[in-house]
Amino acid sequence: MLTIDNLELSITDPDTGRVSEILRGNSLTLAAGEALGLVGESGSGKSMTLQCVLGIEPPGSSVGGRIELEGRDLRALRGEELRRTRAEDLALIAQNPHSVLNPVLPVGKYLMEGMSEARSMPKARARLRSSELLRSVGIEESERVLRSYPHQLSGGMLQRVVIAGAISAQPKLLLADEPTTALDVTTQAEVAAILDEKRREAEMSMIFVSHDLDLAAAVCDRLAVMRYGELVEIGTPEEIRDAPQHEYTRELMNARPKLHPEEA
Ligand SMILES: Nc1ncnc2c1ncn2[C@@H]1O[C@H](COP(=O)(O)OP(=O)(O)OP(=O)(O)O)[C@@H](O)[C@H]1O
Ligand SMILES: [Mg+2]
């Protein structure tokens, strides 16, 4: 459903005129309903890859290559078609839920505004639907949460709200950029599991960016390893774990905290 072909990104510094090569001709494909984990160290180009898919790369960017969503050239879309594709087909879940939630609005308002159908829906119906959505991501006290402001809720709770909002729009492709990194370890696993479950139910494809190889392996069908702007290896979690082809992948595997040191 998604094809990235020879994606290149370079950014020119407006002050010095210096050009940095950020992405170096990467290609990958994503099947319908498939989840791909994008892993690699800080600065390797994971977030920039997602930004290119969304068409929101920073000023001074020059992008080469092709990105197709179900046969449509995403980077050629303009105007209304671009707006609709971003609103209906793609959804971004960012690392920090506070970056998407408005601090002065109760989260219920956020969910209702985000619901694509809500515009034509009576308010009471939209509220009921929001409540259902929250329960579907494991929030029992949905009425209280709907009335709460972001600062009154935990990070894990807020990220569930954002996931509920993203899923409700029924996008074809979820772009999750370290969606659990800001959470504590137990909550990370729970929120990743919710994301995984909801995505499968709705048969959405996903790119899941993470520093955490084990977490990505738990929720993804394949893993893609990035280093210095280059995609160095793609494979199933088992292939990456048992037979890493690239030296860097081996380093990444060895750098993982070991839960069972005797296995080393
Ligand atoms: N606005 C910008 N202008 C110029 N260069 C940028 C800009 N934003 C990011 N970069 C550079 O692009 C490269 C890739 O950054 P990116 O944010 O994609 O890394 P990442 O893999 O997501 O890292 P992290 O794991 O820390 O989030 C880095 O070298 C970064 O310094
Ligand atoms: Mg990033």
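Read on for a plain summary of the structure. Values in this document were obtained by computation on a predicted structure and should not be read as measured data. (Residues numbered from 1 in each chain as written. Chains lettered and ligands numbered in written order. Predicted model: local features only at pLDDT ≥ 70, side-chain atom pairs only at ≥ 80, totals over all residues.)

Describing the environment of leucine 111
Tracing the chain through its elements places leucine 111 in helix α3 (residues 107–114). Along the chain, leucine 111 and serine 131 lie 20 residues apart, while their C-alpha atoms are 9.3 Å from each other. Those residues in contact with leucine 111 that sit more than four places away from it in its chain are Ser130, Leu133, Val161, Ala164 and Gly165. (Helix = DSSP H or I, 4+ residues; strand = E, 2+ residues; numbered from the N terminus. Contact = placed C-beta atoms within 7 Å.)

Considering unusual backbone geometry
Here the phi dihedral of glutamine 170 falls at roughly 50 degrees; this positive angle occurs in a residue that is not glycine. Relative to the elements of secondary structure, glutamine 170 occurs in the loop between α6 (155–168) and β7 (173–177). Since 14 C-beta atoms lie within 10 Å of it, glutamine 170 is described here as partly exposed. The backbone of tyrosine 228 shows a phi angle near 45 degrees, a positive value even though the residue is not glycine. Tracing the backbone shows tyrosine 228 in the loop between β9 (222–227) and β10 (230–235). For tyrosine 228, a count of 15 C-beta atoms within 10 Å gives the class partly exposed. (Buried ≥ 20, exposed ≤ 12 C-beta atoms within 10 Å, placed from the backbone.)

Observations regarding helix α4 (residues 123–136)
Over its 14 residues, α4 runs 20 Å from end to end, which matches the ideal 20 Å to within 8%, given 1.5 Å per residue. Residues of α4 that are buried: Ser130, Leu133 and Leu134. Looking straight down α4, one finds that the buried residues subtend no more than 95 degrees of arc, so they occupy a single side. Residues of α4 that are exposed and point more than 90 degrees away from the buried face comprise Ala124, Leu128 and Glu132. Along its buried surface, α4 packs onto α3, α5 (142–147) and α6. One or two steps after α4, the chain reaches glycine 138, where phi turns positive at roughly 85 degrees. (Expected span 1.5 Å × (residues − 1). Arc of directions from axis to C-beta.)

Some details on helix α7 (residues 185–201)
Under the 1.5 Å per step criterion, the end-to-end length of α7 is 25 Å for 17 residues, consistent within 8% with the ideal 24 Å. Listed in full, the buried residues belonging to α7 are Gln188, Val191, Ala192, Ile194, Leu195, Lys198 and Arg199. Burial along α7 is one-sided: seen end-on, the buried residues are contained in an arc of 160 degrees. Turned more than 90 degrees away from the buried face of α7, the exposed residues are Thr186 and Glu201. Buried residues along α7 sit against β3 (35–39), α6, β7, β8 (205–210) and α8 (213–219). Positive phi appears at glutamate 203, one or two residues downstream of α7, with a value of about 55 degrees.

Regarding the sheet that holds strand β1 (residues 2–12)
The 4 strands are arranged β2-β1-β4-β5 in an open sheet whose pairing can be described as antiparallel. The open sheet has two edge strands with one neighbour each: β2 (19–30) and β5 (72–73). Inspection of the sheet shows strand β4 (residues 61–69) paired to β5 by 2 bridges, in the antiparallel sense. Note on β5: the bridge partner recorded for leucine 69 is arginine 72. (Pairing = 2+ DSSP bridges.)

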